[in-house]
Structure formats: C-alpha cells, structure tokens
Amino acid sequence: MSIIQQIRRRGVLHSFETLFNRWVPAWLFRFSAGVVMELDLEAMRQRATELASEEFIVARVEDPGDRKTLREVTWNSVPLDYSQDDYGYSIQRSDQPGRILGGVWAGKTDFIEADLGFELEFSPDQAWLYCAYVDREARGVGAYGRVLAFAGHDLWELGYRQLLVIIQPWNGASMHVHQKYQTRRVGRIAVLRVGPFAWVMRHGEIEQTKSIAFVPRRNTVRLRFPRTTIHPGA
C-alpha cells in the first residue's frame, strides 16, 4: 500500500502522527493529548439491540488468527505483552464473511505507555476502549456505531460497570461518535517527552501520583480514574 493510500485510509492528522513517530525516535521527542470520557453502558446496550441487523456480523473475536487480522485492520500496535488478554470486537458484512472491515479493542488491566512514561490504572470493574478503526468503504453506514454499541453490551455482560475512552482532541470524527454515549467528561491528559524526561499533566477528576518521569527507568507516572457512582441497570 502506497503512502498516499495509507493517508487516505487513516486520515491526514492520524497519518502525520504515525509518520512523525516513525521518523522521530521516542527518546528524542513525543507529545500526546487525550480527552477522557465515561460512556453510558445502558444506552449502548439498548442501541446494540436496536442496531441488530442481518446485514452485518458483529462479534467478540477470540480466534488467534482473527485477532491478528483485527490488530492489523485497527492499526493496533500495543505490545502483545500488554494486550494479549484484551477484548477485540469486529464487524463484517454478512455477504462477505471472513473479511473484517473494522473494530475496536477493550482493555481490562493496567496499561503502560512506555515511550511516554505513564501508566493507566483500572479497577476490576473498569474497562477502556482503544484502537478503533473502520475501513473507508464501510463508513457512512453506521458500521462503527454498531461495533461500539455491541462492545458496550458485551462488556456489561462480562461484568464491567464502567467504560472509559481516551480520544485525541483533534480526532473530530471519533469525538463525535463517542459523545453520543458520553455520560460525563472525566478530564484531560497531556504528555510531553523531551529526551529522557516526560511531563504528565492532567485536568479534571483524574488522579496522578506525580508529574515527571525518567523514562528509561520503570518509574512511571500513574493515572487513576474515579469510579462511577451510577451503575445503569444494576
């Protein structure tokens, strides 16, 4: 696939970020920012029922080969050591079984962002979404909305009672679709790494253990998210 095709597939800003991170070594410079939202699991469960259709196949992916394909489709570069137990959700057209058009991943355990020197900590009933992507040819027909709602429904059935997502503020499309289920904006996270030092800044209800990490060593800044006080359907 040519660079131009990759840019068209992923979007200009996302492609720029990927290429920048590929060309500029992590030890030299990194910057990342994200808005943290809590999503309404009850609304997602209801929407999953409403969107049930014979046109699409939406499922939790468990086969190792399919999980590998889903990682490629969603550009999931999270190391396997950190994500081997995560839940992957895919969407396919019923008339094209076996061809994954997109999906999303849900993490359920603590996650270390080694290049940026911070760690996300979650309680046993918290999960978070990451690496969401739908192929361009499947956009505009509600494909991501279907797989997103299904993921929320399935996570509830698995016992999770709080679902979080961290979205880059310049990703307008992602902000739009997730805001439909937003119950509250938990806060914001911004991280700047220059050489071996990473500065982690947070706003809102997010807790952090400190502000600066020395990245080559495992002394990460730990970020924790407040437990929800409302358990829909509980």
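Preceding this section is the structure that the text describes.
For every chain, the first residue of the written sequence is number 1, and numbering continues from 1 along that sequence. Owing to the predicted nature of the model, reporting of local features is limited to residues with pLDDT of at least 70; listing and counting of side-chain atom pairs is limited to 80 or more, with chain, interface and lining totals taken over all residues. Only heavy atoms go into the side-chain values, all of them from the structure, while hydrogens and water stay out.

A look at the overall build of the chain
Part 1 of the argument: A helix here means a DSSP run of H or I that spans at least four residues, while a strand means a run of E at least two residues long, and both kinds are numbered starting from the N terminus. What the chain contains, in helices and strands, is 7 helices and 13 strands.
Part 2 of the argument: In what follows, a contact means two residues having at least one pair of non-hydrogen atoms within 4.5 Å. Once local pairs closer than 6 in sequence are excluded, the contacts in the chain between residues at least 24 apart make up 67%.
Part 3 of the argument: Summed over its atoms, the accessible surface of the chain is roughly 12300 Å², and 54% of this surface lies on carbon and sulfur atoms. With residues, only the protein chains shown are counted as cover, and all accessible areas are computed by Shrake-Rupley using a 1.4 Å probe.

Concerning the pairing of strand E10 (residues 197–204)
Part 1 of the argument: Pairs of strands are assigned from DSSP output, requiring at least two bridges between the strands. Both strand E9 (residues 182–194) and E10 contribute to a ladder of 8 bridges, which runs antiparallel. Residue isoleucine 189 lies in a different strand from E10, and its bridge partner there is arginine 202.
Part 2 of the argument: From the end of E9 to the start of E10, which pair antiparallel, there are 2 residues, and glycine 195 there has a positive phi angle of about 60 degrees.
Part 3 of the argument: When E10 meets strand E12 (residues 212–214), the two strands line up antiparallel, connected through 3 bridges. Looking across to E12, one finds that phenylalanine 197 is bridged to phenylalanine 214.

Concerning helix H4 (residues 64–73)
Part 1 of the argument: Per-residue accessibility, obtained with a 1.4 Å probe over protein chains only, is compared with the maximum for each type, and a residue is labelled buried under 20%, exposed over 50%, and partly exposed between these values. Within H4, the full set of buried residues consists of Arg67, Leu70, Arg71 and Val73. Take H4 and look down its axis: the buried residues cluster within an arc of 165 degrees, on one side only. Along H4, the residues that are exposed and aim more than 90 degrees away from the buried face are Lys68 and Glu72.
Part 2 of the argument: In this structure aspartate 63 caps H4, since a side-chain oxygen of it lies 3.0 Å from the backbone nitrogen of glycine 65. To be clear, the arc concerns the directions from the helix axis to the C-beta atoms. Here a polar contact means two N or O atoms within 3.5 Å. Within protein one must be a hydrogen donor candidate and the other an acceptor candidate, and residues neighboring in sequence count only if both atoms are side-chain atoms.

Re the packing of helix H3 (residues 41–50) against helix H6 (residues 143–157)
Part 1 of the argument: Helix axes are fitted only over the stretch in contact, all axes being lines through C-alpha atoms; the angle between N-to-C directions runs from 0 to 180 degrees. Where H3 meets H6, the closest approach of the two axes is 7 Å, and the angle between their N-to-C directions is 115 degrees. The way H3 lies across H6 gives a crossing that is left-handed. Contacts from Leu41, Met44, Arg45, Arg47 and Ala48 of H3 reach H6 at Leu148, Ala149, Phe150, Gly152, His153, Trp156 and Glu157.
Part 2 of the argument: Side-chain classes follow a simple rule in which Ala, Val, Leu, Ile, Met, Phe, Trp, Tyr, Cys and Pro form the nonpolar group, Asp, Glu, Lys and Arg form the charged group, and the remainder, Gly included, forms the polar group. Tallied by class, the residues present in the contact of H3 with H6 amount to 7 nonpolar, 2 polar and 3 charged. If you view the pair so one helix is near and one far, a crossing is left-handed when the near helix is turned anticlockwise from the far one by less than a right angle, and right-handed when it is turned clockwise.

With respect to unusual backbone geometry
Only a minority of non-glycine residues have a phi that is not negative, and only a minority of peptide bonds are not trans.
Part 1 of the argument: Notably, tryptophan 75 is not glycine yet its phi reads approximately 55 degrees, a positive angle.
Part 2 of the argument: Among the secondary structure elements, tryptophan 75 is positioned in the loop between H4 and helix H5 (80–83).
Part 3 of the argument: Of note, the phi angle at cysteine 131 is positive, near 50 degrees, even though the residue is not glycine.
Part 4 of the argument: Within the secondary structure, cysteine 131 is located in strand E7 (residues 126–134).

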